[in-house]
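An overview of the molecular structure
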Amino acid sequence: FHADDVEVVTGIDVTNSETLSEALAGAGAVIFCSSASSKGGKADAVDCLGVENVGKACIAAGVERLILVSSLGVTRPESLAFKFTNLIGNIMDYKEQGEERLRAVYKGQDKLSYTIIRPGGLKS
């Protein structure tokens, strides 16, 4: 991604609050698009606790906007997609809990904000 004012940072351990402050230093916005995978990180740690950790770290660092890429399936617990994805470590349940925790973290914030995006399908 080419832009003069955009830095792409990968490989941050969102389950470890200590790694986040350095990674977020000086950021004006953060896009969180991480999820549990076979390459590392379980759903409870990444999609729930990790989302909460990043929200708290963004507030501590004064990041103006956090964008969370979640899943459309979160809003459709009776759908086949929700049920199928939930077979893999309850990912959808933990994504929903992560969104709830993010709302709680930002409750009362009047200068910093977040946005939750729920795409219908992602590849890679």
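As a starting point, this report considers the structure included with it. The structure presented is a predicted model; accordingly, all values stated were derived computationally and were not measured. (Residues numbered from 1 in each chain as written. Predicted model: local features only at pLDDT ≥ 70, side-chain atom pairs only at ≥ 80, totals over all residues. Heavy atoms only, no water.)

Another aspect to go through is helix H2 (residues 43-61). Its 19 residues give H2 an end-to-end C-alpha distance of 25 Å, which sits within 8% of 27 Å, the value for a rise of 1.5 Å per residue. Of all the bends in H2, the greatest, near 40°, is centred on glycine 50. Within H2, the full set of buried residues consists of Ala43, Val46, Asp47, Cys48, Gly50, Val51, Glu52, Asn53, Val54, Gly55, Ala57 and Cys58. Buried residues along H2 sit in contact with helix H1 (17-24), strand E1 (29-32), strand E2 (65-69) and helix H4 (91-106). Taken from the residues just after H2, glycine 62 is the one with a positive phi, measuring 75°. (Helix = DSSP H or I, 4+ residues; strand = E, 2+ residues; numbered from the N terminus. Expected span 1.5 Å × (residues − 1). Bend = angle between axes of the 7 residues up to and from the residue. Buried < 20%, exposed > 50% of the residue type's maximum accessible area, 1.4 Å probe, protein only. Contact = heavy atoms within 4.5 Å.)

Another point: the nonpolar core. Leu24, Val30, Phe32, Val54, Cys58, Leu66 and Tyr106 are the most contacted members of the largest nonpolar core, which has 17 residues in total. If you list the elements that add at least two residues to this core, you get H1, E1, H2, E2 and H4. Broken down by element, the residue count for this core peaks at 5 residues, all from H2. With sequence-adjacent residues up to four places away left out, valine 30 is seen in contact with Leu24, Val54, Cys58, Val63, Arg65, Leu66 and Ile67. (Core = buried A, V, L, I, M, F, W, Y, C linked by side-chain atoms within 4.5 Å.)

Turning next to the pattern of salt bridges. Tallied over the entire structure, the rule returns 6 salt bridges. For the salt bridge of glutamate 52 with lysine 56, the shortest nitrogen-to-oxygen distance reads 3.4 Å. Here lysine 56 and glutamate 52 lie together in helix H2, a separation of 4 residues that amounts to about one turn. When its relative accessible area of 46% is taken as the criterion, lysine 56 is described as partly exposed. Two residues, arginine 103 and glutamate 99, come together in a salt bridge whose shortest N-O distance is 3.3 Å. With a gap of 4 residues between them, arginine 103 and glutamate 99 both fall in helix H4, about one helical turn apart. A relative accessible area of 35% means that arginine 103 is categorised as partly exposed. What emerges from the salt-bridge pattern is a single network uniting Glu52, Lys56 and Arg101. (Salt bridge = Lys/Arg side-chain N within 4 Å of Asp/Glu carboxyl O.)

What follows concerns the sheet that holds E1. The strand order E1-E2-E3 describes an open sheet built from 3 strands, whose pairing is parallel. Two strands in the sheet have a free side with no partner beyond their single neighbour: E1 and strand E3 (113-117). Going across the sheet, the axis of each strand differs from the next one's by a mean of 15°, ignoring polarity. The pairing of E1 with E2 spans 4 bridges and is classified as parallel. Across the sheet, residue valine 30 finds its bridge partner in E2, namely leucine 66. In the packing of H2 onto the sheet, contacts are made with E1 and E2, and the angle to E1 comes to roughly 180°. H4 contacts E2 and E3 of the sheet and is inclined by roughly 165° relative to E3. (Pairing = 2+ DSSP bridges. Axes fitted to C-alpha atoms, helices over the stretch in contact; angles between N-to-C directions.)

So yeah, pure geometry; function would need other evidence.
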